[in-house]
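Chain residues, written in single-letter form:
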Amino acid sequence: MRTIPVDRAVTTAACNYWREEGYSDVAVLFVSDAYGEGFQKLVVEACSRTGTNIVSFAYSTTDTFSFEAQMQRVANANLNVFLAVTLGISEASFILQKASEFGILGAGTSWMFADGIFGESLIAIDPELHADAHGSLYISQKLTSEEDAAWSRFTADWPSFDTAHVNIHLPDAWKLPPNFFKEDLQQSAMDIAALEYDAVAAAAIHACEVAPRGPLGRDFGERFIATKTNISFDGLTGKVGFDANGDRLNARVQLKNVLYTSGFDTPYLGVHEGGAWNWVGGSLAASGIVYNGGSRVTPSATDPPTDDGGGDEGVDVVTIVAVCVAVLCLASVAACVEWRRKQKKRLKLLCIERTLAPPVLTLAHDHTYHIFLSHKWPTGQAQVAVIRSMLMMMMPSVRVFLDVYDLKDVGSLEQYVSESALVLVFLSRGYFNSTNCLRESRDAVLKKKPLVLVHEHDSSRGGAPLAKFKSDCPEDLKPVFFDKERPICPWFTKPEYQLMSMVMISEALLLASPKYSSCEDLKCYLPYAATTVRDAKLGSTQACACYLAYLLMALVQARPHCLPRCWTRASVGTRAL
């Protein structure tokens, strides 16, 4: 039995949305693995019932050349509506980057992302893509909300629960801390925790039907698996029931906009339940939906065919020359754009101030990972996914431990900590109430692992004031975690501020590696990226002026004879910039 809705529910909802928009054709770009191929087949199956034609494009995450060739085919298909089936924000960022380069991202297009990624992690894409990616869509299972009656009753009863009544049934390693039920339940608990609660409730109801009374026999496990029951109850995530395959019935799917103006936001547009969409405001048009590029106009599914004219008038020499000149100009512009693209890609790499070059990553012989990301699942998962993605972009050879990608056995958490050079502790609400988080933290302290603390302060995204974390922290960890000498790295929503945090995290990572462990004053930077709050607040005019000044400096140093003699290298220096 699965309480989380299956992919079939998501694909059915997507096809019903496209039908409501009137889209005749949709391009599906999917990763060529079991998840991507299975999802693509379900999309084709669901859209065959709604009359939407699906044009499929598979891609590989390990072959950049074939991926670019596939993106060229996508661009040549003259389609404007796209579904990206990806695993991880790194793939999603790469797809958007290539879509921008091939001219299929922005006004006149509609991009949707499936739930192979966390919607919140889309904040990590290149800021230069924000304008065109603004208005993308994210479709995923809807779990619960504050408006649900069952959830409201549960949150009201939560403070009355007693850990003593629970702990008598749990082994020592899983006992709850005394203040576990004193924490307020926020949006974060509406996700995985609500599904887990309903799963336990379903299993308990099923167990009571398999063995309604008396002691459990040795064959209870086999009977539990083999027995088919018609379970149906009102859970925290809505009506819970299962079909003959154990898949959930009455699944709810939600559609969100991904917006980048005035910060990052993912407003809710509607929920799909019982085979139909229920839109905010009563209709799709009233939901406030925004399409890519910030457009409010529904894109057409395909581009109209080009009219070649068909006249037999002669073409004079002047026209031919004009066309040739135009082609040469376009070729020159394209070459400049390609050069700038390659420069931007290179400039995402972290550099060391002393060498002006990317760092060389090393690991001790007993280490497998450069960094271990310790976090509370419901309130910190999206943020650490962004941290992982950005670290891999800044240092391509870095090895990051993140449970959703690397955890094979939860009983081996301490082993994974041992194999990591640095432990990052992401402070989000409920971190110190998590048994596994405390296992990771205490083991890191016991083994004297280098630590970097990252603080989420935004309460709407699972954060809390630093004083709250200090009061919740167990006494044995306080002297280490909140030592006056230990800097705590803040985590912000805005990408330009996140870059500052990422530089701090990267410096801590390098200092924990053999090559840089003895460096007393290691400083890193991201070329052309803001590294201070003042830099991050530069307006577009100032940023443009700085960029032009850099180009001028480069030109003076490379071709001094092309400029007036009074413009010398001494008069245009790096310090002045």
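Because the structure is a prediction, the values reported are computed rather than measured. (Residues numbered from 1 in each chain as written. Predicted model: local features only at pLDDT ≥ 70, side-chain atom pairs only at ≥ 80, totals over all residues. Heavy atoms only, no water.)

Can you explain the overall build of the protein chain? Please cite residues and give values.
Counting its secondary structure elements, the protein chain contains 19 helices and 17 strands. Counting over 577 residues, the protein chain shows a buried share of 45%. Here the contacts in the protein chain between residues at least 6 apart in sequence split such that 73% fall between residues at least 24 apart. About 29,700 Å² of surface is accessible on the protein chain, with carbon and sulfur atoms providing 56% of the total. (Helix = DSSP H or I, 4+ residues; strand = E, 2+ residues; numbered from the N terminus. Buried < 20%, exposed > 50% of the residue type's maximum accessible area, 1.4 Å probe, protein only. Contact = heavy atoms within 4.5 Å. Areas by Shrake-Rupley, 256 points an atom, 1.4 Å probe, with all protein chains shown as cover.)

Account for the state of the cysteines, naming residues and giving values.
Covalent bonding between the sulfur atoms of two cysteines is what defines a disulfide. Within this structure, the stated rule accounts for one disulfide. For C519, which is in no disulfide, the shortest distance to another cysteine sulfur is to C524 and amounts to 9.3 Å. (Disulfide = S-S within 2.5 Å.)

So what's going on with a nonpolar patch on the surface? Residues and values would help.
Taken together, the side chains of F118, W377, V404 and Y405 present a nonpolar region at the surface, about 350 Å² in accessible area. Locating V404 in the fold gives a position in helix 12 (residues 403-406). (Patch = residues over 30% accessible without salt bridge, like charges linked within 9 Å, V, L, I, M, F, W, Y side chains within 5 Å. Salt bridge = Lys/Arg side-chain N within 4 Å of Asp/Glu carboxyl O.)

For helix 4 (residues 89-101), give the residues involved together with the corresponding values.
Here helix 4 spans 18 Å end to end across 13 residues, near enough to the 18 Å set by a 1.5 Å rise per residue. Those residues of helix 4 that sit buried are I89, E91, A92, S93, I95, L96, Q97, K98 and A99. (Expected span 1.5 Å × (residues − 1).)

Explain the sheet that holds strand 12 (residues 369-374) to me, and be specific about the residues and the numbers.
The five strands are arranged 13-12-14-15-16 in an open sheet whose pairing can be described as parallel. Looking at which strands have only one partner, the edges of the open sheet turn out to be strand 13 (400-401) and strand 16 (488-491). Pairing of strand 12 with strand 13 involves two bridges; the strand directions are parallel. By the bridge assignment, F372 is partnered in strand 13 with F401. The sheet strands contacting helix 11 (residues 377-394) are strand 12, strand 13, strand 14 (420-427), strand 15 (451-456) and strand 16, and the helix crosses strand 14 at an angle near 140 degrees. Where helix 14 (residues 435-446) meets the sheet, it contacts strand 12, strand 14 and strand 15, and its direction lies at approximately 135 degrees from that of strand 12. (Pairing = 2+ DSSP bridges. Axes fitted to C-alpha atoms, helices over the stretch in contact; angles between N-to-C directions.)

I'd like a description of the environment of S501, backed by residues and values.
With respect to the helices, strands and loops of the structure, S501 is situated in helix 17 (residues 495-511). Each C-alpha atom of the pair S501 and W491 lies 6.4 Å from the other, and the pair is 10 residues apart in sequence. With sequence-adjacent residues up to four places away left out, S501 is seen in contact with C489, P490, W491 and F492.

Run through the packing of aromatic side chains, naming residues and quoting values.
For the coordinates displayed, the defined rule picks out 17 aromatic pairs. Seen from their ring centres, Y369 and F401 are 5.4 Å apart, and the 75 degrees between their planes marks the pair as edge-to-face. One end of the pair, Y369, is in strand 12; the other, F401, is in strand 13, and 32 residues separate them in sequence. An identical accessibility class is assigned to Y369 and F401; each is buried. Here the basic side chain of R399 rests over the ring of Y369, its NZ or CZ set 5.7 Å away from the ring centre. The side chain of K515 reaches across the aromatic face of Y516, ending 5.9 Å from its centre. (Phe/Tyr/Trp six-rings, centres within 6.5 Å; stacked < 30°, edge-to-face > 60°. Lys NZ or Arg CZ within 6 Å of the ring centre and 35° of its normal.)

Requested: an account of helix 14, with residues and values cited.
Between the first and last C-alpha of helix 14 there are 16 Å, a value that for 12 residues agrees with the 16 Å anticipated at 1.5 Å per step. Taken together, the buried positions of helix 14 are T435, C437, L438, E440, S441, D443 and A444. Looking at the buried residues of helix 14, the elements they touch are strand 12, helix 13 (413-418), strand 14, strand 15 and helix 16 (478-481).

How would you explain the side chain of N257 if you had to name every residue and give the values?
If you trace the backbone, N257 turns up in strand 8 (residues 253-258). In terms of polar contacts, N257 uses its side chain to reach the backbone carbonyl oxygen of S136, at 3.2 Å. Setting aside residues no more than four positions away along its own chain, N257 makes contact with G135, S136, L137, D265, T266, P267, L269, G288, I289 and V290. (Polar contact = N/O pair within 3.5 Å; in protein donor to acceptor, adjacent residues only side chain to side chain.)

Got a sec to walk through the packing of helix 1 (residues 7-21) against helix 2 (residues 34-48)? Specific residues and values, please.
With their axes 8 Å apart at the nearest point, helix 1 and helix 2 run at an angle of 45 degrees to one another. Considering the angle they form, helix 1 stands oblique to helix 2. Read as a crossing pair, helix 1 and helix 2 show a hand that is right-handed. Contact with helix 1, carried on its side by D7, R8, V10, T11, T12, C15 and W18, involves Y35, F39, L42, V43, E45, A46 and C47 of helix 2 and no other residues of that element. Residues belonging to the contact of helix 1 with helix 2 are distributed by class as follows: nine nonpolar, two polar and three charged. (Parallel < 35°, antiparallel > 145°, perpendicular 65-115°, else oblique. Left-handed = near helix turned anticlockwise from the far one by under 90°. Nonpolar A, V, L, I, M, F, W, Y, C, P; charged D, E, K, R; others polar.)

So what about the sheet that holds strand 4 (residues 110-113)? Which residues, and what values?
Pairing is mixed in the open sheet, where eight strands are placed in the order 2-1-3-4-5-8-9-10. Each having just a single partner strand, strand 2 (53-59) and strand 10 (276-279) make up the two edges of the open sheet. Mean inter-strand twist for the sheet, computed between neighbouring axes without regard to direction, equals 25 degrees. Note that strand 4 and strand 5 (residues 136-141) share two bridges and pair parallel.

Which residues make up the pattern of salt bridges, and what values do they have?
Overall, the coordinates contain 13 salt bridges when judged by the stated rule. The salt bridge partner of R8 is E45, with a shortest N-O separation of 3.9 Å. Placement of R8 in helix 1 and of E45 in helix 2 is noted, with a sequence separation of 37 residues between them. Using a relative accessible area of 39% as the deciding quantity, one classes R8 as partly exposed. Between D443 and K447 there is a salt bridge, and its shortest N-O distance comes to 2.6 Å.

Can you lay out the nonpolar core for me, pointing to particular residues and giving the numbers?
Core analysis: the largest hydrophobic core is formed by 101 residues, its most contacted members being Y17, W18 and L122. Leaving out residues up to four positions away in the same chain, W18 has contacts with Y23, V26, V43, C47, T52, I54, V81, L83 and M112. Counting 21 residues, the second largest nonpolar core, distinct from the first, contains Y369, F401, C437 and L438. (Core = buried A, V, L, I, M, F, W, Y, C linked by side-chain atoms within 4.5 Å.)

Fair warning: the whole summary comes from geometry, so function is off the table for now.
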